[in-house]
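Examining the three-dimensional arrangement
Residue strings, one per chain:
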Amino acid sequence: MKPLISAVTISFNQAEFLRAAMDSILDQEAVEFEYIVCDPGSTDGSRDIISSYDDPRIISVFEPDSGPADGLNKGFARARGDIFYYLNSDDMVLPGAFARMAHFFAAHRDVDVACGHARVIDERGARVRRVWSEPFHRYAVAVGAHVQVQPATFIRADAYHRAGGFDPNDRGNWDGGLLTSLFLSGARIDVVDAFLGCYRLHANSITMSGKLADQHHANAVRNFERLMNRPMASRDRIGGQALRWAKHFRHPWRTMERVRHGPLFQSG
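So, here is what we can say about the structure in this document. (Residues numbered from 1 in each chain as written. Predicted model: local features only at pLDDT ≥ 70, side-chain atom pairs only at ≥ 80, totals over all residues. Heavy atoms only, no water.)

1. Re the overall build of the protein chain
The helix and strand inventory of the protein chain stands at eleven helices and nine strands. Relative to the compact-globule value of 18 Å for 268 residues, the protein chain shows a C-alpha radius of gyration of 18 Å, a close match. Sequence-distant contacts in the protein chain: of pairs separated by 6 or more residues, those separated by 24 or more amount to 76%. A total accessible area of about 12,800 Å² is found for the protein chain, and carbon and sulfur atoms account for 52% of it. Taken as two groups, the 32 positive and 32 negative side-chain charges of the protein chain have centres that lie 8 Å from each other. (Helix = DSSP H or I, 4+ residues; strand = E, 2+ residues; numbered from the N terminus. Rg over C-alpha atoms; globule rule 2.2 N^0.38 Å. Contact = heavy atoms within 4.5 Å. Areas by Shrake-Rupley, 256 points an atom, 1.4 Å probe, with all protein chains shown as cover. Lys, Arg positive; Asp, Glu negative; His and termini not counted. Charge placed at Lys NZ, Arg CZ, Asp CG, Glu CD.)

Printed below as a string of structure tokens:
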């Protein structure tokens, strides 16, 4: 039997990009999926966009939440699928990604989480650069030297439930927090060498604006402590820098793309 993929989008006042995000999900072919769209109270017409779709695969959730992580938990609480995927309302999933990942999980029964790569696009949808997921090595992730790309990440439903879902109190790095919870609960996290999603940068995005930089830093420190079971020390900053340099030497073409187009993440 083909697996059912449950996709969740959390939407809040991003009507400019919402239809492109939703269409990228609904245009997926050769796989069964359901699509849960959660909006806690947008005032920019986003709810009208969601309601304009007459598609039985869409489940609309119009109820308050306490933040993005809580909204995602509400969405996945309604999910019936075997594989979970979530997409921010300003990002996109690439054509064929769902079918590819359905085949991947069928062929790799021992993998619980699969992270692919993404294309970075601007507010008009033009390509800016690429970003790659890296293996989930405990210390490298703890010091921020390895990243896993959110709009290219797929999770087995049972692994998500074992991990307890998202931390609703995490308002700065709920994506990384979930991956840490998955890892600590015994999930096997693998990398798929394929471009599966699009990560959009624009003036109001969390990444570009740096508006959650303080929360992100606090959660990064907490994530380190969760992974390493000790406080972060000054030597860990040196260790993180060494691992980043080692990564740049292993993948010089990726480094050149970063130098040419600039880093993905802003410090605020």
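2. Remarks on unusual backbone geometry
Its identity is not glycine, yet alanine 30 carries a phi of approximately 65°, on the positive side. The exposed category is assigned to alanine 30, whose relative accessible area is 59%. For asparagine 229, which is not a glycine, the phi torsion comes out positive at approximately 60°. If you trace the backbone, asparagine 229 turns up in the loop between α9 (213-228) and α10 (234-250). (Buried < 20%, exposed > 50% of the residue type's maximum accessible area, 1.4 Å probe, protein only.)

3. Some points on helix α11 (residues 252-261)
Along an α-helix, residues three or four positions apart point the same way, because every turn accommodates 3.6 residues. Buried residues of α11: Arg254, Thr255 and Glu257, and no others. Looking down the long axis of α11, one finds its buried residues gathered within 160° of arc, a one-sided arrangement. In α11, those exposed residues whose orientation departs by more than 90 degrees from the buried face are Val259 and Arg260. Where α11 is buried, its residues meet β7 (127-131) and α10. (Arc of directions from axis to C-beta.)

4. As for the side chain of asparagine 88
The topology assignment puts asparagine 88 in strand β4 (residues 83-88). Residue classification places asparagine 88 among the buried positions, given a relative accessible area of 17%. With sequence-adjacent residues up to four places away left out, asparagine 88 is seen in contact with Thr9, Ile10, Ala21 and Gln150.

5. A short note on the environment of threonine 43
With respect to the helices, strands and loops of the structure, threonine 43 is situated in the loop between β2 (32-38) and α2 (46-51). Spatially, the C-alpha atoms of threonine 43 and glycine 81 are 30 Å apart, while their sequence positions differ by 38 residues.

6. Brief notes about the state of the cysteines
Within the structure shown, the criterion is met by zero disulfides. For the unlinked cysteine cysteine 198, the closest cysteine sulfur is that of cysteine 115, found at 17 Å. (Disulfide = S-S within 2.5 Å.)

7. Some thoughts on the nonpolar core
Membership of the largest hydrophobic core comes to 39 residues, with the highest contact counts inside it found for Ile25, Phe98 and Phe154. For this core, the elements supplying multiple residues, two or more each, are β1 (4-10), α1 (15-26), β2, α2, β4, α4 (97-107), β6 (113-121) and β9 (189-200). Once you skip the residues sitting within four places of it in the chain, isoleucine 25 turns out to touch Ala7, Phe33, Tyr35, Tyr85, Leu87, Val93 and Phe98. Residues Ile36, Ala79, Cys115 and Leu178 belong to the second largest nonpolar core, which totals 33 residues. (Core = buried A, V, L, I, M, F, W, Y, C linked by side-chain atoms within 4.5 Å.)

8. Quick notes on the pattern of salt bridges
Overall, the coordinates contain 14 salt bridges when judged by the stated rule. Of the charged contacts, one joins glutamate 34 and arginine 80 as a salt bridge, the two residues approaching to 3.2 Å between their closest N and O atoms. Here the residue glutamate 34 occupies a position in strand β2, and arginine 80 occupies one in the loop between α3 (68-77) and β4, the gap between them amounting to 46 residues. Among the residues examined, glutamate 34 registers a relative accessible area of 3% and is labelled buried. By relative accessible area, arginine 80 is classed as exposed at 62%. The salt bridge partner of aspartate 167 is arginine 222, with a shortest N-O separation of 3.5 Å. Taken as a pair, aspartate 167 in the loop between α6 (157-163) and α7 (174-184) and arginine 222 in helix α9 lie far apart in primary sequence, 55 residues in all. Sharing partners across several salt bridges, the network here consists of Glu63, Lys74 and Arg78. (Salt bridge = Lys/Arg side-chain N within 4 Å of Asp/Glu carboxyl O.)

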